Structures are given as structure tokens and as C-alpha cells.
Amino acid sequence: MIYLDYTSTTPVRDEVLKSFIETTKNFWGNPSSLYKFGVISDNLLNMARDQMRHLIDAKKYEVIFTGSATEASNLAIKGIAYENRKRGKHLITTVVEHPSVYHTFEKLKDEGFEVTFLDVEKDGRINLETLKKTIRKDTILVSMMYVNNEIGSIMPIKEVGEILKHHHKICFHVDVVQALGKIPVRLKEMNVDLATISAHKIYGLKGSGALFFRKGIKLTPQQIGGTQEFNLRAGTVDVPSAVALAKAMRLALEDIEDNYHYVMKLNRRMRDILSKYDEIIINSNAEHSSPFIINCSLKGIKGETFVRAFEQRDIYFSTKSACSSKVVSPSRVLKAIGLDDDLAMNEVRFSLSHLTTNKEIDTFEEVLHDVINELN
Ligand code: PLP
């Protein structure tokens, strides 16, 4: 199998799985229990939090473990909106957010919040001047992703953080799911107040994510019950998943620079190969995108037909981001960067990893040649 869909999900690292299994077997006490066996679990949980804080320059942040990045973003966005509704009802996000953020804002809009969905330029990034003009006296939250999961565009998060530094009433939430382990993520330096991460994008387990938030920030809980996770996420904490997430994060950050340079070389090779064909248009901007993602549109070929032709040869990549791949409509993200309906409908996304080999790219090149001839 040749897997070119690492943006959808990643295989679990052996070391991560090992720490999950060992913690499950040996430290299964309830971290909320008062006796020693429970306290050991609680200590492990807090060690995982500490390690994660330390890894991304977030010593003054709290970490809440969640069941996914989707849950973490829901908690961040709704939590801030509901908690601060008396201070203001204006929220800012972008038109290219992941559904977990985009639809949460749509829901808040239905509930009476005023939401500005910022447009993006051709390269998939917001215009900072537009952002400045959009900020109002009653703005309470700005939320945007660091790396776009569909086209790989990198938002100017540090610059946005600089702008928001002068607006003390506004909280800044960033979905760093596709950035973590690939490009540097330093919360304090970027002036980010809340950040969402997911384990299964960094060779961790599915059903595991976390929300970082600056100490002192108040959130309205979205799940009511016991007092776990600072009273913000009721339910017995899954300590083995938390320990495994901290491990996945540490390993993902270990070789970040080498992996980046390696994947950048693969990206250049892929771009050279893809640009030989008139039927393929590369949508990911070469300058301002993550090298881990290459999004293309197909001319005269259906995205699904193309993906199926590769599937028959045991090569896998997406037509759309996994969360929307069953929705047959032009991509909201590609429309936002100016593509027409046809091109925005027939997209394919290749995503790379440090696990991708040059030999796999050689095979992909040969198969691409055959598939294009076949489909023509
Ligand atoms: N945010 C981004 C940018 C993503 O790519 C994804 C997953 O596709 C998510 C959020 C959701 O992650 P999870 O599957 O952990 O809810």
C-alpha cells in the first residue's frame, strides 16, 4: 500500500501504543479517587499535562483532555462565546475553517451572535488589514486555523496575535491540528489564548485531543456532570489516552526540522511530477503552504474516478478532506480562493509524511502516467 493521506489520519507509533497499553494495564485507577492507587493515575495525568505544556512554550496554560479536536474547538468557541456574551456578541473567524470550527460559528450565529467570516486571498490566507477593520468594540473572540487541512495554507498567526495583543477583551483561539509536529507552534510567542490539538494527526490514537488555554481564562463548560478537568469537561478522565497523547506529541516534535526538510524535498518532487500534466492544476500555494499538503484540481476528470483508479493499484489519497468527503458539492475552501464550481468540485489532496519514501513517489509517478492515459 502507498498511503498519501496523512492529513486525514496517521498510523499509531509503536511507542505510543505501548504507553497506552502499559498505562491501561497497570494504572487503571480513577484519577479522582482519594486513595493511593487513584492518586498514582492523577499524577500520571498531571505529568502528561506538564510535558505537553513544556513542549510548546505553554507553561502558563492549562490543558484539558478531550475526545477529539472537534470537541476541543467546540469547548473553546462556545465556552468563550457563552461566558462573555454580556461583554459582547461579535465573533470573528474565516471562511476556510475546518467544519468543527466553521459549523460551530454557524450555530452561534443562529443563536444570535454576530459572526464575521473573513474571506481569504488567493493563497488561502486572510488579509491583516481587513482583520483590523473587522474588529469592533464588542468583539470577544477571533478563531482561525494555523494550517488549512485542505490546501495547506499557513495563516499569519503570529501577526494576528500581535494585532490582538492590543485588544484585551478579545480571546484568540487557534486550531493547530495540522501544524503541530510539522511547523513550530509556540503559543506564548504567538499570543494565542486557546489552542486545539488532535492525537491521530500526530501518530497518536483516534478519539483523543486536547485544548490548551491560558490560565485565568473562563469558559462555560459544554459537558455537565462531575468536577473533572477543572470543572470544564465532566466524566472520568481517560488517563491512558492522555499519557499516549503526551508521548505522541513529544515524538512528533523530536525530529520536526529534519522531517520538514525531508518532506519539502518530497513536495518539490511531487509538484514536478504533477505539473507535467495539463489535466492537473496545483492549488496549494508554494510559498505560504505546509509542504505536507498538496491540493490539486482536475480538468476533465472526476475527482472520485481518479481516486478510484489509484485505489485499484493500492494507492490512497483523498478527493476532499475526510470530514467532508461524502458531501458532493464544490469545496468551500477552493471556492474561497477563487476557483470555479467545476475545479472546486474535482479536487484531490495528496498529503505526505516523514514515512513517505522516494520509492513510493517513483511508483506514484508511473501509476499517474498510466491513469491519465487510461482516463483520457
Ligand atoms: N481541525 C483540523 C484542521 C483537522 O484537519 C481536523 C481533522 O480532520 C480536525 C480539526 C478534527 O480533528 P478530530 O478528528 O480530532 O476531531
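Residues numbered from 1 in each chain as written. Predicted model: local features only at pLDDT ≥ 70, side-chain atom pairs only at ≥ 80, totals over all residues. Heavy atoms only, no water.

Asks: Run through the site of the ligand, naming residues and quoting values.
Replies: Contacts to the ligand come from 14 residues, most closely from Thr70, Asp175, Gln178, Ser198 and Lys201. Gln178 is positioned with one of its side-chain polar atoms (N or O) 2.8 Å from an oxygen atom of the ligand. Contact between the ligand and Ser198: an oxygen atom at 2.7 Å from a side-chain N or O atom of the residue. Look at the ligand: alone it shows 400 Å² of surface, and the protein chains cover 91% of it. Taken together, the residues of the shell around the ligand break down into four nonpolar, eight polar and two charged. (Near = heavy atom within 4 Å. Polar contact = N/O pair within 3.5 Å; in protein donor to acceptor, adjacent residues only side chain to side chain. Areas by Shrake-Rupley, 256 points an atom, 1.4 Å probe, with all protein chains shown as cover. Nonpolar A, V, L, I, M, F, W, Y, C, P; charged D, E, K, R; others polar.)

Asks: Explain the sheet that holds strand S5 (residues 139-145) to me, and be specific about the residues and the numbers.
Replies: Strand pairing in a sheet is mediated by backbone hydrogen bonds. Such pairs are either parallel or antiparallel. Within the open sheet, the seven strands sit side by side as S2-S8-S7-S6-S5-S3-S4. Their pairing is mixed. Both outer strands of the open sheet, strand S2 (61-66) and strand S4 (114-118), are each paired with one neighbouring strand and no more. For this sheet the average axis-to-axis angle between neighbouring strands, irrespective of direction, equals 15°. The sheet contact formed by strand S7 (residues 194-198) and strand S8 (residues 209-214) spans five bridges and is antiparallel. From the neighbouring strand, Thr196 faces S8, where its bridge partner is Leu211. Helix H2 (residues 36-55) rests against S2, S7 and S8 of the sheet, and its axis sits at about 120° to S2. (Pairing = 2+ DSSP bridges. Helix = DSSP H or I, 4+ residues; strand = E, 2+ residues; numbered from the N terminus. Axes fitted to C-alpha atoms, helices over the stretch in contact; angles between N-to-C directions. Contact = heavy atoms within 4.5 Å.)

Asks: Tell me about helix H3 (residues 69-83), residues and numbers included.
Replies: Here H3 is 15 residues long and its end C-alpha atoms lie 20 Å apart, about the 21 Å a rise of 1.5 Å per residue gives. With eleven of its 15 residues buried, H3 lies for the most part within the structure. Listed in full, the buried residues belonging to H3 are Ala69, Ala72, Ser73, Asn74, Leu75, Ala76, Ile77, Lys78, Gly79, Ile80 and Ala81. Put simply, Ser68 is the residue that caps the front of H3, since its side-chain oxygen is 3.4 Å from the backbone nitrogen of Thr70. (Expected span 1.5 Å × (residues − 1). Buried < 20%, exposed > 50% of the residue type's maximum accessible area, 1.4 Å probe, protein only.)

Asks: I'd like a rundown of the sheet that holds strand S10 (residues 293-298), residues and numbers included.
Replies: Taken together, three strands build an open sheet; the order of strands is S9-S10-S12 and the sheet is antiparallel. At either margin of the open sheet sits one strand with a lone partner, and together these are strand S9 (280-282) and strand S12 (347-351). The sheet shows a mean angle of 30° between the axes of neighbouring strands, direction not considered. Pairing of S10 with S12, which is carried by five bridges, proceeds in the antiparallel orientation.

Function cannot be inferred from these measures alone, as they are strictly geometric.
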